[in-house]
Amino acid sequence: MWKLGDFFKKSKNNKHLKYLKENIVAGMPLADIVTVFEQMCQMPSEGSMLLFETGTFSFDTRMFHFSLVRQYPGKGEEYYQLHIDIMYEPTDENAVFSKSIWDIDLEENIFDYIRSSPAYFWANENPICKIDIFMDET
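Per-chain numbering applies: the sequence of each chain, read as written, is numbered from 1 onward. Where totals are concerned, whole chains, interfaces and linings use all residues; where local detail is concerned, this predicted model gives features only for residues with pLDDT of at least 70, and gives and counts side-chain atom pairs only at 80 or more. Note: side-chain values were computed over all heavy atoms of the structure, leaving out hydrogens and water.

Undergrad: Help me understand the overall build of the chain in this model?
TA: We count a stretch as a helix when DSSP gives it H or I for four or more residues in a row; a strand needs E for two or more, and each element gets its number in order from the N terminus. Counting secondary structure elements, the chain contains five helices and five strands. Starting at the N terminus, the α and β elements of the chain follow one another as α-α-α-β-β-β-β-α-α-β. Note on classification: 1.4 Å probe, protein chains only; a residue is buried when its accessible area is under 20% of the maximum for its type, exposed when over 50%, partly exposed between these limits. Within the chain, buried positions represent 42% of all 138 residues. We call two residues in contact when some of their heavy atoms are within 4.5 Å. Long-range pairs, those at least 24 residues apart, make up 67% of the contacts in the chain with a sequence separation of at least 6.

Undergrad: Sorry if this is basic, but what is going on with helix H3 (residues 30-41) here?
TA: One turn of the α-helix equals 3.6 residues, which is why residues spaced by three or four share an orientation. With 12 residues, H3 should reach 16 Å at 1.5 Å per residue; the first-to-last C-alpha distance of 17 Å fits that figure. Three or more residues of H3 are buried, namely Leu30, Ile33, Val34, Val36, Phe37, Glu38, Met40 and Cys41. Take the residue count of a helix, subtract one, and multiply by 1.5 Å to get its expected span.

Undergrad: Honestly, the packing of helix H2 (residues 14-23) against H3 in this entry has me stumped. Any pointers?
TA: Axes are the key here: two packed helices are described by the angle between their axes and the distance separating the axes. Axis definition: a line fitted to C-alpha atoms, over the contacting stretch in the case of helices. Angles run 0 to 180 degrees between N-to-C directions. At a minimum axis distance of 10 Å, the contact between H2 and H3 shows a crossing angle of 155°. Considering the angle they form, H2 stands roughly antiparallel to H3. The chirality of how H2 crosses H3 is right-handed. Between H2 and H3, the contacting residues are His16, Tyr19, Leu20 and Asn23 on the first element and Val36, Phe37, Gln39 and Met40 on the second. Any residue outside Ala, Val, Leu, Ile, Met, Phe, Trp, Tyr, Cys, Pro, Asp, Glu, Lys and Arg is labelled polar, Gly included; the first ten of those are nonpolar and the last four are charged. Looking at the contact of H2 with H3 residue by residue, the classes come out as five nonpolar, three polar and no charged. Under this scheme an angle from 65 to 115 degrees is roughly perpendicular, one under 35 degrees roughly parallel, and one over 145 degrees roughly antiparallel; angles in between are oblique. By convention, the crossing between two helices is left-handed when the near helix turns anticlockwise from the far helix through less than a right angle, and right-handed when the turn is clockwise.

Undergrad: Is there a simple way to explain the packing of aromatic side chains in this structure?
TA: Ring pairs (aromatic) are described by centroid distance and by the angle formed between their planes. Geometry of aromatic contacts follows a simple scheme: Phe, Tyr and Trp rings, the Trp one being its six-membered ring, pair when their centres are within 6.5 Å, and the pair is stacked under 30 degrees between planes, edge-to-face over 60, tilted otherwise. Under the definition given, this model contains 10 aromatic pairs. An angle of 55° between the planes, with centres 6.2 Å apart, marks the rings of Phe37 and Phe111 as tilted. Linking Phe37 in helix H3 with Phe111 in helix H4 (residues 110-115), this pair joins segments that are 74 residues apart in sequence. Both residues of the pair, Phe37 and Phe111, belong to the buried class. Arranged with centres 5.3 Å apart and planes meeting at 70°, the rings of Tyr88 and Trp122 form a pair that is edge-to-face. You can see Tyr88 sitting in strand E3 (residues 79-88) and its partner Trp122 sitting in helix H5 (residues 118-124), a full 34 residues away along the chain. Trp122 carries the same exposure label as Tyr88, and that label is buried. Through pairs of rings, three or more aromatic residues link up here, namely Phe52, Phe66, Tyr113, Tyr120 and Phe121.

Remember that the coordinates give geometry; whether it matters functionally is a separate question.
Structure below.
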């Protein structure tokens, strides 16, 4: 049986995860994290798509998430998703920022969209609590 661990060991996409983990450091501001993710997205990978999500989700109501995701085709109908989840304390102010949009659904560059979003302006002015960088399977 083919497992996600095999993907990390064999796939050329492993360099993307490594790039993020090597270039995103504690204390880095949101603007720089988005830039590092954008640079990683310039590394080629056939069939990848980008997702921008914000919100306080039912799977983690303890944190407000500002998430950047690069999705890769996997085996069969599965996909692999490389995540940067930037988390903040949930507040009444950030509760209004609930968004999920794929790059293919935009007429503009997704990074221009992200940087002009109200959630970005809010998050850029508030302290980051935690950053998770990981890859999973859909």
